[in-house]
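Listed below, chain by chain, are the residues.
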Amino acid sequence: MQKTDPRYTAYLKLLKEELVPAMGCTEPVAIALACAKARDLLGAPPERAALLVSGNIIKNVKSVVVPNTGGGRGITTAAAIGFAVGGAERELQVISAVTDAQRAEMARLLNNCPIEVAPAEGPEVFYIQAEAHAGGHCARVRIAGFHTNIVLAELDGRLLEQKSAQPAGPAGREDPLTVEDILDFADTADLADIRPVLDRQIAYNTAIRDEGLTGRWGAAIGCTLLRCYGRDVSVRARAAAAAGSDARMGGCEKPVIINSGSGNQGMAASLPVIEYADELGCGADKRYRALLVSNLLTIHLKTGIGRLSAYCGAVSAGCAAGAAIAYLHGGGYKEVAHTLVNSLAIVSGIVCDGAKPSCAAKIASAVDAGIIGWQMYVGGQQFYAGDGIVRKGVEETIKTVSRVGRDGMLDTDREILRIMTETV
């Protein structure tokens, strides 16, 4: 692919927009961001506040630990830390540097500031509205479509910011990607154009992997895999991605590089590929190019499904990682396409029931499916069109998986939310 090709510029832009740092699970951080923006508009912490949030936000915030809050969980914790810190210009790193005074302010808000939370009416999958009152003034901030997309900011009814919710695609766009073009780009990209983004992904995500492998976080899925199954590269690949999620879901205060709005997807797309690249000794350039394959395939798979759904996003990233592992072993379009179809056929039924420690185990399963999908092809085996949701050709199979995740699982998503909000 030539640099003059519009696709080249589009793919670079996509990677730079999607592979960005975030501190903490991105849904509670998005709540903190909306509340920080409201605090910035008011110029003071609120005396009372109210939030409207869509069902998928409720689902993904309920059980995960919010970093820098002393182990707090849930919507009101995420809101209170945002109101305490302000500084919305930091976006998904808004709670990355919290002082003791700000933590004390968060505790005061949780104890003394009524924060009402209600489900948002309407079809938006990703919707957060924060309203804050202080000193006779009212600030209202709305995020819709994706995590940093502030579509409305008002102070005392005066409109300060407004833009489209941009619901299409992983970050408000139609899908420009195909598997064939992704491989063309990965094979020919000038690595100087993308090396800083990938170096940051490698550095951040391996750091949180190492933290997760201490065994102090979550359900210690990464450590469990290594203890039970040994240190073969296929085990290490699963354990690396799971360990990163162990730490992140447990509230670790290390940032990660996300993909398609998700840290778990960013880790699942990168860490298994890094493990295999190191094992094979294939060199830095090949590792970069394999990471391009995995990251762009993850974005491609997620675009048709959307940011949030009842379909586990780790499936897309784990299957993409398996395809990139095939690429590291010298595979081209045929090997990558068959690996992707095989692996999607195996694990496309995993549901998303919110962010919490079990995400690490789902990531391990998805990466395992990616590796199995590749090994099937190496052994001359594959799933064929008509086997369940598999269609002829990788792009047609991706479309059917997108339909399952986006449309077919709408009722599943609603039932999961009902189950999660029942009194336990």
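See the structure printed just above.
About the criteria used
Residue positions are given per chain, counting from 1 as you read along its sequence in written order. Given that this is a predicted model, residues contribute local features only at a pLDDT of at least 70 and side-chain atom pairs are listed and counted only at 80 or more, while totals for whole chains, interfaces and linings are drawn from all residues. Based on all heavy atoms of the structure, the side-chain values leave hydrogens and waters out of the count. The convention used is that axes are lines fitted to C-alpha atoms, helices contributing only their stretch in contact, and that angles between N-to-C directions extend from 0 to 180 degrees. In this text, helices come from DSSP runs of H or I with a minimum length of four residues, and strands from runs of E with a minimum of two, each type numbered from the N-terminal end. Orientation is classified from the angle alone, with under 35 degrees giving roughly parallel, over 145 giving roughly antiparallel, 65 to 115 giving roughly perpendicular, and any other angle giving oblique. Crossing handedness is defined as follows: a turn of the near helix away from the far one that is anticlockwise and smaller than a right angle gives a left-handed crossing, while the clockwise case is right-handed. Any pair of residues with heavy atoms lying within 4.5 Å of one another is described as a contacting pair. Burial classes: relative accessible area under 20% of the type maximum marks a residue as buried, over 50% as exposed, and values in between as partly exposed (1.4 Å probe, protein chains only). Throughout, nonpolar core names a set of buried Ala, Val, Leu, Ile, Met, Phe, Trp, Tyr and Cys residues whose side chains join them through atoms within 4.5 Å. Using a grid of 1 Å spacing that covers the protein atoms alone, one calls a set of points a cavity when a 1.4 Å probe fits there but cannot get out, and a pocket when the set is open and has protein on both sides within 12 Å along at least five of seven lines; lining residues are those with an atom within 4 Å of a point. Grid points are joined across faces, edges and corners, and a volume is the space filled by probe spheres set on the points. Throughout, the ten residues Ala, Val, Leu, Ile, Met, Phe, Trp, Tyr, Cys and Pro are labelled nonpolar, Asp, Glu, Lys and Arg are labelled charged, and all others, Gly among them, are labelled polar. When DSSP finds two or more bridges between a pair of strands, those strands are recorded as paired.

Caption draft 1: Inspection of the packing of helix H13 (residues 333-347) against helix H14 (residues 359-378) at higher detail. It is at 7 Å that the axes of H13 and H14 come closest, and there the two elements cross at 130°. Our classification of the angle between H13 and H14 gives oblique. Relative to H14, the crossing made by H13 is right-handed. Side by side, H13 and H14 meet where Lys334, Glu335, His338, Thr339, Asn342, Ser343, Ile346 and Val347 of the first sit next to Ser365, Ala369, Gly370, Ile372, Gly373, Trp374, Met376 and Tyr377 of the second.

Caption draft 2: Highlighting the environment of glycine 218. On the secondary structure map, glycine 218 appears in the loop between helix H7 (195-212) and helix H8 (221-229). Aside from chain neighbours lying at most four places away, what touches glycine 218 is Asp246 and Pro357.

Caption draft 3: The arrangement of unusual backbone geometry in detail. A positive phi is found at glutamate 91, a non-glycine position, where the angle reads about 50°. Assignment of secondary structure puts glutamate 91 in the loop between helix H4 (75-85) and helix H5 (100-112). The exposure class assigned to glutamate 91 is partly exposed, which follows from its relative accessible area of 41%. Non-glycine residue aspartate 156 carries a positive phi angle of around 55°. Here aspartate 156 shows up in the loop between strand E6 (150-155) and strand E7 (158-162). By relative accessible area, which is 42% here, aspartate 156 ends up partly exposed.

Caption draft 4: Representation of the nonpolar core in the model. Counting 131 residues, the largest nonpolar core has Ile31, Phe185 and Leu340 as its most contacted members. Looking at this core, the element that brings in the most residues is helix H12 (residues 313-328), giving 12 residues. With residues up to four places along the chain from it excluded, the contact list for leucine 340 reads Val179, Leu297, Leu301, Cys319, Ala320, Ala323, Val394 and Ile398. The next biggest cluster of nonpolar side chains, apart from the first, holds 8 residues, and it includes Ile221, Leu225, Val235 and Ala239.

Caption draft 5: Region of the structure containing empty space enclosed by the protein. Going through the model one piece at a time under the given rule, you end up with 1 cavity of 30 Å³ or more. Lining of the largest cavity is provided by 30 residues; of these, Asn60, Ser262, Gln265, Gly313 and Cys352 occupy positions nearest its centre. Counting residues per element, the ones that place at least two in the lining of the largest cavity are helix H2 (26-42), helix H3 (55-61), helix H9 (233-249), helix H10 (263-280), H12 and H14. In terms of residue class, the lining of the largest cavity is made up of 11 nonpolar, 13 polar and 6 charged.

Caption draft 6: Just the environment of glutamine 382, in detail. Mapped onto the fold, glutamine 382 is located in the loop between H14 and helix H15 (394-408). The sequence separation of glutamine 382 and histidine 338 amounts to 44 residues, and the corresponding C-alpha distance is 7.1 Å.

Caption draft 7: Expanded view of the pairing of E7. Bridge count for E6 against E7 is 4 bridges, and the pairing is antiparallel. In the sheet register, leucine 155 faces E7, and the bridge partner there is arginine 158. As consecutive antiparallel partners, E6 and E7 are separated by 2 residues, and within that stretch aspartate 156 has a phi angle of approximately 55°, a positive value.

Caption draft 8: Highlighting the sheet that holds strand E4 (residues 127-134). Sheet architecture is open: 6 strands sit in the order E3-E2-E4-E5-E6-E7, paired in mixed fashion. What marks the edges here is a single partner per strand, and that holds for strand E3 (115-119) and E7. When the angles between neighbouring strand axes are averaged without regard to direction, this sheet yields 10°. Bridging between strand E2 (residues 48-53) and E3 involves 5 bridges; their strand directions are parallel. The residue of E3 that forms the bridge with alanine 49 is isoleucine 115. Each of E2, E4, strand E5 (137-144), E6 and E7 touches H2; the most contacted strand, E5, lies at about 150° to it.

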